[in-house]
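Chains, contacts and geometry: an overview
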Amino acid sequence: MLRVSRFIRKSGFASKATEAKLIYGFKDKESKRYQLEVLTTTKRGRDVLKDPILNKGTAFSLSERERLRLRGLLPPRVLTMEAQLLRNFQYLDADRTNISEGNKQEWIDLQLYKDLGALADRNETLFYRVLMDEFKRLAPIIYTPTVGQACLKNHTIYRQARGMYFSAMDRGHFSSMTYNWNSDVKVIVVTDGSRILGLGDLGSNGMPIPVGKLALYVAAGGINPNNVLPVVLDVGTNNVELRNNPLYVGLPMPRLEGKEYYTLVDEFLHAVYSRWPRCLVQFEDFKNPHAQEILNKYRHKLCCFNDDIQSTGAIALAGIYSSLRARGNDYWELGNERIVCVGAGSAGIGVCDTIVEAMLKLKVVDTKEEAYKKFYMVDNRGLIGKERAHPNLTALQIPYQRQDLKDGMALLDVVEHVKPTVLLGLSGCGGIFHKEVIQEMSRHVERPVVFALSNPTKNTECTPQDVFTYSNGKALYASGSPFEDVEIDGVTYHSNQCNNYYIFPGIGLGVTTCLSSTIPDEFFQEAALVVANQVDYEETGKLFPEVNSIREISLAIAIRVCEIASEMGIANRYPPKGMAWKEFIQSKMWDPSDYQTTVPV
Ligand SMILES: NC(=O)C1=CN([C@@H]2O[C@H](COP(=O)(O)OP(=O)(O)OC[C@H]3O[C@@H](n4cnc5c(N)ncnc54)[C@H](O)[C@@H]3O)[C@@H](O)[C@H]2O)C=CC1
Ligand SMILES: CC(=O)C(=O)O
Ligand SMILES: [Mg+2]
């Protein structure tokens, strides 16, 4: 004990501000005298976790968490120091032994991910300055694809708690837990970890996803980092391997389902909106049918949206608009597309529904039914065709069921039969657009539009190298995670990134500026047009705007969001008289180009 106190005195670690003092206690147990150390502190909540003397991370017991107002500020599973040691030793060993030529780049990127995380913990302003100045290079680190690695390995690389965890064990306490977060929250990104990118159920390991999305809200959308909150709803995980891992930080139990699950989501939203009534909630990486049901339940009541369904819809629509122009057509020729969508989950249905809405808006179809006929939906059982029984389909899939084609047709047969102009990949199934599929599609259309949108990189339905090779360079290609441009026989072909990160920061900036009551589909339709209108294919040969101009894109989206919200009567804040929306929004954007002066109060 003396050793500890001397160390503290010598190192000066226990600063005055810490107000931590050591009290020595002695306990006689089984006739063996041992010392019991007690640390007292006046600190509470996040201040405890930021103090290296006080912090013991995941090892805080439940009663300590309660007393120190830490409930929710740490992953729910209480670990022993032995488990923490194991994590540190495993990590050291893994670092030294597991690097090969094949995974070297992945390893380097993960180190960079951790370094950036450490920088964010030390100096958030500098972190965002670095991220914004090197956005194109660093977005793939804090976001897809490297964030996928961070989630898969979260239990081994876990260092510092970020955001909040609302777990099945905390039910009944959510409202009081929100007071453990001591800043004003304007944007929440929440996941239940059930479908992290295309990597499946990762439970509480999914926290890097909301953290990464919110870093983009700040860097790309100008939201103040003090006003964002990443959240995991830990309802258990059905990933047995993770559950059995002694280092897993989430609840090692099967997922709650049915009424229990929905009641927990309800309690969470009730708690959030009681504490921060004007907050925007983005649902992220929820599996189906939960994703759709939660959205349907709350979208008209609360200021919330589902990123995978709605923002992905908007960015894919923007890409199709750009591809129409690249093919020498106008937007209204959207009605002439034949679209095969592989993947009929949240993202696949979200994208197709957004295109259907656009067809109606552009009046290229008279009815929804007419629009649905332009789609061919393929899932893990093949084409959704005539014989598929309705209990095997969700309400949103049913309109896309083909009554003219056999259920279960293989993708290649569908492509041969339909001769699609657009092929969308939202299946999470890497390599599924193989050589024959691309060649068959290229036989029938001059410029096949191939969007292989699944994340992370390994889950991409086809690589740009393959698509340009098999289409003889004719394809218009985009992927969800970034790829380098490719060169074939001396010709450079562009690999476009079609990712919802073009959309949600601008939606968030607009919504938090005009304090929109809800987030209607019109915002996403307009966001698609804004993005597409910023593309000059003739000039650049690209289908999406340069990511380095992401703040300008977000601003342009936010302006349209505010204008529409005020037209619809759902805006609750307006610019002062004489000021345009643009200037008002700009005045609200957080900018880390220089430090603010710090003043003691
Ligand atoms: N680029 C972007 O901005 C975005 C990309 N995504 C990606 O889309 C993918 C899917 O996401 P969700 O729709 O939310 O997942 P989900 O789990 O709701 O849906 C996946 C769908 O793919 C189908 N599928 C699975 N294996 C298949 C196979 N072998 N052949 C054909 N279909 C198959 C399933 O039946 C299901 O309909 C993920 O990889 C995700 O990362 C999601 C959102 C945004
Ligand atoms: C980009 C994204 O939201 C996803 O892959 O889930
Ligand atoms: Mg997502």
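Residues numbered from 1 in each chain as written. Chains lettered and ligands numbered in written order. Predicted model: local features only at pLDDT ≥ 70, side-chain atom pairs only at ≥ 80, totals over all residues. Heavy atoms only, no water.

Some details on the site of ligand 2
The condition is simple: When we say a residue is near a molecule or strand, we mean one of its heavy atoms is within 4 Å of it. Side-chain atoms alone can form a polar contact between residues adjacent in sequence; in general such a contact is a pair of N or O atoms within 3.5 Å, and within protein one must be able to donate a hydrogen while the other accepts it. Areas reported as accessible are Shrake-Rupley estimates using a 1.4 Å probe. Residue values count occlusion only from the protein chains shown.
In the vicinity of ligand 2, the contacting residues are Tyr 143, Arg 195, Leu 197, Lys 213, Glu 284, Asp 285, Asp 307, Asp 308, Asn 455, Asn 499 and Asn 500. Between Lys 213 and ligand 2, the recorded distance is 3.0 Å, taken from a side-chain N or O atom to an oxygen atom. Within the complex, the protein chains bury 89% of what would otherwise be the 220 Å² of accessible surface of ligand 2.

Some words on the sheet that holds strand 6 (residues 280–283)
We apply this condition: Only when DSSP finds a minimum of two bridges between them are two strands counted as paired. Here a strand is any run of E in DSSP of at least two residues, a helix any run of H or I of at least four, and the numbering for each starts at the N terminus. Angles here are taken between N-to-C directions and fall from 0 to 180 degrees, while the axes themselves are lines fitted to C-alpha atoms, restricted in helices to the stretch in contact.
Overall, parallel pairing links the five strands, which are arranged 3-5-4-6-7 in an open sheet. Each edge of the open sheet is held by one strand with a lone partner, namely strand 3 (164–167) and strand 7 (304–306). Adjacent strand axes in the sheet meet at a mean angle of 25°, parallel and antiparallel pairs treated alike. Relative to strand 5 (residues 228–234), strand 3 runs parallel, the two sharing four bridges. Looking across to strand 5, one finds that Tyr 165 is bridged to Val 232.

Here's the deal with helix 6 (residues 124–133)
Threshold: Exposure classes here rest on a 1.4 Å probe applied to the protein chains alone. A residue is buried below 20% of its type maximum, exposed above 50%, and partly exposed in between. The reported arc concerns the directions from the helix axis to the C-beta atoms and nothing else.
Those residues of helix 6 not exposed but buried are Phe 127, Tyr 128 and Leu 131. Taken end-on, helix 6 shows its buried residues confined to a sector of 90°, consistent with a single buried face. Where helix 6 begins, the side chain of Asn 123 points an oxygen toward the backbone nitrogen of Thr 125, at a separation of 3.3 Å.

Notes on the coordination of the magnesium ion (ligand 3)
Six octahedrally arranged donors around a metal ideally form angles of 90 or 180 degrees; four tetrahedrally arranged donors ideally form angles of 109.5 degrees. We apply this condition: Here the coordinating atoms are restricted to nitrogen, oxygen and sulfur within 2.8 Å of the metal centre, or 3.2 Å for Na, K and Ca, and because water is not among them the sites may look incomplete.
For the magnesium ion (ligand 3), the protein coordination sphere consists of Glu 284 (OE), Asp 285 (OD) and Asp 308 (OD), at 2.0 to 2.1 Å. Expressed as a motif, the donor residue spacing for the magnesium ion (ligand 3) is E-D-x22-D. Placement of the pair is Glu 284 in the loop between strand 6 and helix 14 (290–298) and Asp 308 in helix 15 (residues 307–326), with a sequence separation of 24 residues. Judged by relative accessible area, Glu 284 falls into the buried class, the value being 1%. With relative accessibility at 7%, the residue Asp 308 sits in the buried group.

Digging into the sheet that holds strand 10 (residues 382–383)
Within a sheet, adjacent strands bond to each other through the backbone by hydrogen bonds, running parallel or antiparallel. Let me state the cut-off plainly: Contact criterion: two residues are considered in contact whenever any of their non-hydrogen atoms come within 4.5 Å of each other.
With respect to topology, seven strands assemble into an open sheet ordered 10-9-8-11-12-13-16, the strand pairing being mixed. Both outer strands of the open sheet, strand 10 and strand 16 (496–497), are each paired with one neighbouring strand and no more. Pairing geometry for strand 11 (residues 422–425) and strand 12 (residues 449–452), over four bridges, is parallel. Bridge pairing links Leu 424 to Phe 451 in strand 12. Lying over the sheet, helix 15 contacts strand 11, strand 12 and strand 13 (476–479), oriented at roughly 155° with respect to strand 12. Across the sheet, helix 16 (residues 346–361) touches strand 8 (339–342), strand 9 (375–379) and strand 11, and the angle it forms with strand 9 is around 175°.

Details of the nonpolar core
Selection criterion: Take the buried Ala, Val, Leu, Ile, Met, Phe, Trp, Tyr and Cys residues and link them wherever side-chain atoms come within 4.5 Å; each set so joined is a nonpolar core.
In this structure, Ile 188 and Ile 507 are the most contacted members of the largest nonpolar core, which totals 164 residues. Residues within four places of Ile 188 in sequence aside, it is in contact with Leu 229, Val 231, Phe 268, Val 272, Trp 276, Cys 279, Leu 280, Val 281 and Gln 282.

Describing the state of the cysteines
A covalent bond between the sulfur atoms of two cysteines is referred to as a disulfide. Using the following cut-off: Disulfides are defined in this document as cysteine sulfur pairs within 2.5 Å.
This structure, assessed with the given rule, holds zero disulfides. Of the cysteine sulfurs around Cys 462, a residue in no disulfide, the closest is that of Cys 429, at 12 Å.

A look at the UniProt feature "domain: Malic enzyme NAD-binding" (unreviewed entry) in the protein chain
What counts, and what does not: UniProt positions are given in the numbering used here, feature names are shortened, and annotations may be inferred rather than shown by experiment.
UniProt annotation of "domain: Malic enzyme NAD-binding" (unreviewed entry) refers to residues 309–566 when read in the numbering used here. For residues 309–566, helix accounts for 42% and strand for 12%, while the C-alpha atoms at its two ends are 24 Å apart.

Regarding the pairing of strand 4 (residues 187–191)
Remark: a regular strand shows side chains that alternate across the two faces of the sheet. Burial analysis of strand 4 places five of its five residues in the buried class, which makes it a mostly covered element. Residues Val 187, Val 189 and Thr 191 point to one face of strand 4 and Ile 188 and Val 190 to the other, with burial holding for every one of them. Two strands pair when backbone bridges link them, and strand 4 and strand 5 are joined in this way by five bridges, in the parallel orientation. For Ile 188, the partnering residue across the bridge sits in strand 5 and is Leu 229. In this structure, strand 4 lies alongside strand 6, joined through four bridges in parallel fashion. From the neighbouring strand, Ile 188 faces strand 6, where its bridge partner is Val 281.

Quick word on a nonpolar patch on the surface
Rules: A patch consists of residues whose relative accessible area exceeds 30% and which take part in no salt bridge; residues with like charges are grouped when within 9 Å of each other, and nonpolar side chains (Val, Leu, Ile, Met, Phe, Trp, Tyr) when within 5 Å. For salt bridges, the criterion is a side-chain nitrogen of Lys or Arg within 4 Å of an Asp or Glu carboxyl oxygen.
Together, Met 81, Leu 85 and Phe 89 line one region of the surface with nonpolar side chains, adding up to about 320 Å² of accessible area. Considering the arrangement of structural elements, one finds Leu 85 in helix 4 (residues 81–97).

Comments concerning the site of ligand 1
Heads up, the condition is: Under the convention adopted here, Pro, Cys and the residues Ala, Val, Leu, Ile, Met, Phe, Trp and Tyr are nonpolar, Asp, Glu, Lys and Arg are charged, and Gly plus all remaining residues are polar. Each domain's extent was defined by an automatic or database domain assignment.
Around ligand 1, a shell composed of 26 residues is seen, among which Arg 195, Thr 312, Ala 344, Ala 347 and Asn 500 lie nearest. At 3.5 Å from an oxygen atom of ligand 1 is found a main-chain nitrogen or oxygen belonging to Ser 427. Asn 455 places a polar main-chain atom, nitrogen or oxygen, 3.2 Å from an oxygen atom of ligand 1. When ligand 1 is considered free in solution it has 850 Å² of accessible area, and contact with the protein chains removes 84% of it. Counting only elements with at least two residues in the shell around ligand 1, the list comes to helix 15 and helix 16. Taken together, the residues that form the shell around ligand 1 break down as nine nonpolar, 14 polar and three charged. Counting residues domain by domain, the shell around ligand 1 receives three or more from each of domain 2 (81–287) and domain 3 (310–499).

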